[in-house]
Amino acid sequence: MAIAADSAAEQAPNPAAEEPSDASGEAPAHPNHGEANADGPGEEYEEEDEVLEGPAAEAAEMEKVNAVFQRLSAAAVGICVHDIIIKGNSKTRDALIEAEVVDLIRSAGTVQDLVRAARVASARLRRLDVFDSVRITLDAGPRELPGTTNVIVEVVEAASPITGSLGFFSKPEARSWSLEGSLKLKNIFGYGDIWNASGAYGWDQSSEIGVGVSLPRFKSIPTPLTARASLLSQDWLKFSSYKERLLGLTFGLLSTPHHDLSYNLTWRTLTDPSQMASKSIRRQLGHNLLSALRYTYTIDQRDSHLRPTNGYAFVSTSQVGGLCGRKGLRFFRQEFDVRGAVPFGFYNAALNAGVAAGVILPLGRGFMELPSPVPDRFYLGGHSSPVTSLGGITSLLGFKARGVGPTDLRRFVPSESVTDDSAAFPGWDYLGGDLAVSAFADLSFDLPLKLFRDAGIHGHAFLTAGNIAKLSENEFRNFSFSEFGRTFRCSAGVGIILPTDFFRVEINYCYILKKFEQDRGKTGIQFNFSSPM
């Protein structure tokens, strides 16, 4: 019997009734061997003396294949893996492939379990991102060992070890455009290693360059390891009167589907070229060392990341800064994000709703009297879709980036050209908050025209709300939950979403339901361009 799990070609239907629909099967290359192995030890079919030819031979072979498939559908069939054969890896080390598939495949005790294990093993190898295709075939074992099978793992290594991408993105709420590109070198040393370099340049806001390497396995460590060096520059002068520059190293220590642990060592510099920063910002200007451990726990059971119609997701992110003793920034930061999607059964309509909350607190003696780091605080505002931004405090549609929350008056710098007092008003610095809560509800639906449905263009109606508050520097004494709830900002609206292969366009009409004097929110039409992934 030969059964294949092929990632490169279209799969044949699954013969087993209890198997998922994406399992694949092929007709046995040697039907007699396959039937003997499927029947288990002690059962063999005698070879027929009469040799059939033409249509009669094809009918006999098909009858034997159907008999095997019927037996697999009726009950579990015991089997033992005799050997695992790896083919096609001229550069990739055998040890890397074996580490991904051997234990999984040898743990299977039945044919049905082995088919499932082969499918999972194929997915694991594809996730390494160094193969163009992966094919796993279950073939008959030796004649003298009935009830056994040989597992053949055949891979096709990437034709070119170099890949790259280039994108152009917009953030209208910050009036910022960015050009982003990346370059990857795959499997240079045969360990599944991926070397990458990336760069981004944003007009009037940010720029970043970085290089890194990732290893799917290192010796006996079963999880991927990553290391990355980066230089990031961000301009927050328009919002908070400072520029931020970060030079750092990031090490990925643990990465699984649900758990992620990383360590970050960064030299951070805050400057104010405008000389107009408020007193709250000026106190934090200068150099600081950030040594932080970050842990993220993720459960995502949604059917889509871009347009979920069913399922739920939960993300918890914990960060502790100040691991270098008394030197550097010391704080604890915690975020939660929970959301779900419920289908309605008409026009592909679904309701997405979610709530996110976060808190940051300084660490040290008399910690509630100390200020929390301004760049690590929570900020509300922006036009990015809350449906696609899983992981923390969501955007507040209708409000500009960093356009909500505590503020401080900027320093007034006299100018001889300014004679009107109203024109000389310096403006406000938005300081962010130590406590933040946001929520959203989004109803997505297909548009009536078939042309729109075929292109994936759909509409949505939304409601967003959120608030932030300051707790550090003894401000917790003035905090009350009733006042926090009363000062929630809210917005609602409708929009159209146009997905393309290059970017995702969202056109929304936002109506501000509630805002306060210093908030930067405006009713009207807003655009957002983002990555389609």
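Residues numbered from 1 in each chain as written. Predicted model: local features only at pLDDT ≥ 70, side-chain atom pairs only at ≥ 80, totals over all residues. Heavy atoms only, no water.

Let's talk about the overall build of the protein chain
Heads up, the rule is: In this text, helices come from DSSP runs of H or I with a minimum length of four residues, and strands from runs of E with a minimum of two, each type numbered from the N-terminal end. Each residue gets one of three labels from its accessible area relative to the maximum for its type: buried under 20%, exposed over 50%, partly exposed in between, using a 1.4 Å probe on protein chains only. When checking whether two residues touch, look at their non-hydrogen atoms; a contact exists if any pair is within 4.5 Å.
Counting its regular elements, the protein chain contains eight helices and 22 strands. The buried share among the 533 residues of the protein chain stands at 42%. Contacts spanning at least 24 positions in sequence make up 59% of the contacts within the protein chain whose residues lie at least 6 apart.

A few points about the environment of His458
Selection criterion: In protein, a polar contact means a hydrogen-donor-capable atom and an acceptor-capable atom, both N or O and within 3.5 Å, with residues adjacent in sequence counting only if both atoms are side-chain atoms; elsewhere, any N or O pair within 3.5 Å suffices.
When you line up the elements, His458 lands in strand β19 (residues 458-469). You can call His458 buried: its relative accessible area is 5%. On a C-alpha basis, the gap between His458 and Ala349 in space is 9.7 Å, while along the polypeptide they are 109 residues apart. Once residues within four sequence positions are removed from consideration, His458 is found in contact with Arg307, Ser444, Phe445, Asp446, Leu447, Gly495, Ile496 and Ile497. Engagement of the side chain of His458 in a polar contact is seen with the backbone oxygen of Gly456, the distance being 3.0 Å.

A closer look at the packing of aromatic side chains
Given two aromatic rings, one states the distance between the centres and the angle between the planes to describe the pair. Put simply, the rule reads: Two rings from Phe, Tyr or Trp (for Trp, the six-membered ring) form a pair when their centres are within 6.5 Å of each other. A pair whose planes differ by under 30 degrees is stacked, one over 60 is edge-to-face, and the rest are tilted. Put simply, a charge is over a ring when the Lys NZ or the Arg CZ is close to the ring centre, within 6 Å, and near the line of the ring normal, within 35 degrees.
According to the stated counting rule, one finds eight aromatic pairs in the structure shown. The interplanar angle of 65° and the centroid separation of 6.3 Å between the aromatic rings of Phe189 and Trp195 together place this pair among those described as edge-to-face. Ring-pair connections join several aromatic residues into one group, and the members of that group are Phe479, Phe481, Phe484 and Phe488. The ring of Trp236 has Arg402 sitting right over it, with the charged end atom 3.9 Å from the ring centre. Its guanidinium or amino end placed over the ring of Tyr379, Arg402 lies 3.8 Å from that ring's centre, counting from NZ or CZ.

With respect to the nonpolar core
We count it as follows: For this analysis, a nonpolar core means a set of buried residues of the types Ala, Val, Leu, Ile, Met, Phe, Trp, Tyr and Cys, connected via side-chain atoms within 4.5 Å.
With 25 residues, the main nonpolar core has Ile97, Leu125, Phe131, Ile136, Val151 and Val153 as its most contacted residues. When contributions to this core are tallied by element, the ones reaching two or more residues are β2 (80-87), α3 (94-106), α4 (111-127), β3 (131-140) and β4 (148-157). Top contributing element to this core by residue count: α4, with six residues. In this structure Val151 touches Val81, Asp83, Ile84, Ile85, Ile105, Ile136, Thr137 and Leu138, once residues within four positions along its chain are discounted. With 15 residues, the next largest nonpolar core counts Ala292, Ile360, Phe399 and Ala436 among its residues.

Observations concerning α4
What counts here: What a helix is expected to span follows from its residue count: subtract one and scale by 1.5 Å.
Helix length check: α4, at 17 residues, gives a terminal C-alpha distance of 25 Å against a target of 24 Å (1.5 Å per residue), a fit within 8%. Among all positions of α4, only Val111, Gln112, Leu114, Val115, Ala117, Ala118, Arg119, Ala121, Ser122, Ala123 and Leu125 are buried.

Here we look at the confidence of the model for the protein chain
The cut-off we apply is this: Every residue gets a pLDDT, meaning the predictor's confidence in that residue, from 0 to 100.
On average, the protein chain scores 82 in pLDDT, and the residues at 70 or more come to 82%. Low pLDDT, under 50, characterises residues 7-49; the predicted model gives this stretch 85 contacts beyond four residues in sequence or across chains.

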